[in-house]
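The chain contents come next:
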Amino acid sequence: KSRLLSEWVPEHTGHTMWWRCRPGLQSVPMLCVAQALQRHEPALRSLGLSGGVLRELAPLVPALGTGELPAPAEDAALLSTLPRVLPRMVDTLVIDDLQWVDSATLQLLRLLTADLPLRLVAAMRTDDRAADVRAWLDDEDAAGRVFRLSLSPWSLPDAHRLIQDLSGHAAPKFG
């Protein structure tokens, strides 16, 4: 699913931002957002944001700070700032492994998809979904904002055919 996602929406294209959720890190609020913003720091700087906005973002992107250690991130401040900033930076948001999103990032996603013109593309394992992710997706689906592409596991003959098609040779016995 991740490979299909990266082929469909390449990471290093114009106005695209990737959030990569990771297992076991759901207790770290907005870690995937912070990592993505740090990769997009030059784009953030080019927006000409006010000093107040930069200070609000500094807990996620310390390089935006004034040299002093940023205060711990305050979800309320970030949840009011990020929906104003992100659409100025990107038009497509890609989330890999949505099933592992933390609650603060999910709250931000609710705000971003409510009435902002961002295209959201996500990949996830349906069997690992948390109840809050499932509820959000159900809400989005009810609003007509979800297109689902379900992938099923490959059979061994299908995998052998793929190996043969890609390599031009028969699949090895233990391939």
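This text goes with the structure placed above it.
Chemist: What should I look at first to understand the overall build of the protein in this one?
Modeler: Of regular secondary structure, the protein possesses 8 helices and 3 strands. Helices (α) and strands (β) of the protein occur, in sequence order from the N terminus, as α-β-α-α-α-α-β-α-β-α-α. Its C-alpha atoms give the protein principal-axis dimensions of about 60 × 35 × 30 Å. Scored against the burial criterion, the 175 residues of the protein give a buried share of 34%. Partitioning the intrachain contacts of the protein with sequence separation of at least 6 by distance along the chain shows that 67% fall at a separation of at least 24. When the accessible surface of the protein is summed, it comes to about 10500 Å², and 55% of that surface belongs to carbon and sulfur atoms. Taking the 18 positively charged and 21 negatively charged side chains of the protein as two groups, their mean positions are separated by 4 Å.

Chemist: Help me understand helix α7 (residues 131–142), please; the structure alone is not making it clear to me.
Modeler: Since the α-helix turns once every 3.6 residues, residues separated by three or four places project in the same direction. Between the first and last C-alpha of α7 there are 16 Å, a value that for 12 residues agrees with the 16 Å anticipated at 1.5 Å per step. At its buried positions, α7 is contacted by α6 (103–115) and β3 (119–123). Positioned one or two residues after α7, G144 has a phi angle of 80°, which is positive.

Chemist: How should I be thinking about a nonpolar patch on the surface in this particular structure?
Modeler: Residues L4, F147, L149 and L151 make up a contiguous nonpolar surface patch of about 480 Å² in total accessible area. Relative to the elements of secondary structure, L149 occurs in the loop between α7 and α8 (156–167). By relative accessible area, which is 58% here, L149 ends up exposed.

Chemist: Is there a simple way to explain the sheet that holds strand β1 (residues 16–20) in this structure?
Modeler: Taken in spatial order, the 3 strands of this open sheet run β1-β2-β3, and their pairing is parallel. On the outer flanks of this sheet lie β1 and β3, each paired with one strand and no other. Across the sheet, the mean angle from the axis of one strand to that of its neighbour is 15°, orientation sign disregarded. Of the strand pairs in this sheet, strand β2 (residues 92–96) and β3 are connected by 5 bridges, and their pairing is parallel. Considered in β3, the bridge of V94 is made with V121.

Chemist: Even after reading the chapter, I still don't get the pattern of salt bridges, so can you show me in this structure?
Modeler: It is possible for side chains of opposite charge to pair when their charged atoms get near one another. The final tally for this structure, using the stated rule, is 6 salt bridges. Put simply, R22 and D97 hold a salt bridge, and the shortest N to O gap is 3.8 Å. Within this pair, whereas R22 is found in the loop between β1 and α2 (31–39), its partner D97 is found in the loop between β2 and α6, the two being separated by 75 residues in sequence. Residue classification places D97 among the buried positions, given a relative accessible area of 7%. One salt bridge in this structure joins E41 and R45, with 2.8 Å as the shortest N-O distance. One end of the pair, E41, and the other, R45, are both in helix α3 (residues 41–46), 4 residues apart, so they sit about a helical turn from each other.

Chemist: So what exactly am I meant to see when it comes to unusual backbone geometry here?
Modeler: Across the chain, the bulk of peptide bonds are trans and the bulk of non-glycine residues have phi less than zero. You will see that M30, though not glycine, has its phi angle at about 55°, which is positive. Summarising the element assignment, M30 is placed in the loop between β1 and α2. One non-glycine residue with positive phi stands out, namely D97, at about 60°.

How each quantity is defined
Residues numbered from 1 in each chain as written. Predicted model: local features only at pLDDT ≥ 70, side-chain atom pairs only at ≥ 80, totals over all residues. Heavy atoms only, no water. Helix = DSSP H or I, 4+ residues; strand = E, 2+ residues; numbered from the N terminus. Buried < 20%, exposed > 50% of the residue type's maximum accessible area, 1.4 Å probe, protein only. Contact = heavy atoms within 4.5 Å. Areas by Shrake-Rupley, 256 points an atom, 1.4 Å probe, with all protein chains shown as cover. Lys, Arg positive; Asp, Glu negative; His and termini not counted. Charge placed at Lys NZ, Arg CZ, Asp CG, Glu CD. Expected span 1.5 Å × (residues − 1). Patch = residues over 30% accessible without salt bridge, like charges linked within 9 Å, V, L, I, M, F, W, Y side chains within 5 Å. Salt bridge = Lys/Arg side-chain N within 4 Å of Asp/Glu carboxyl O. Pairing = 2+ DSSP bridges. Axes fitted to C-alpha atoms, helices over the stretch in contact; angles between N-to-C directions.

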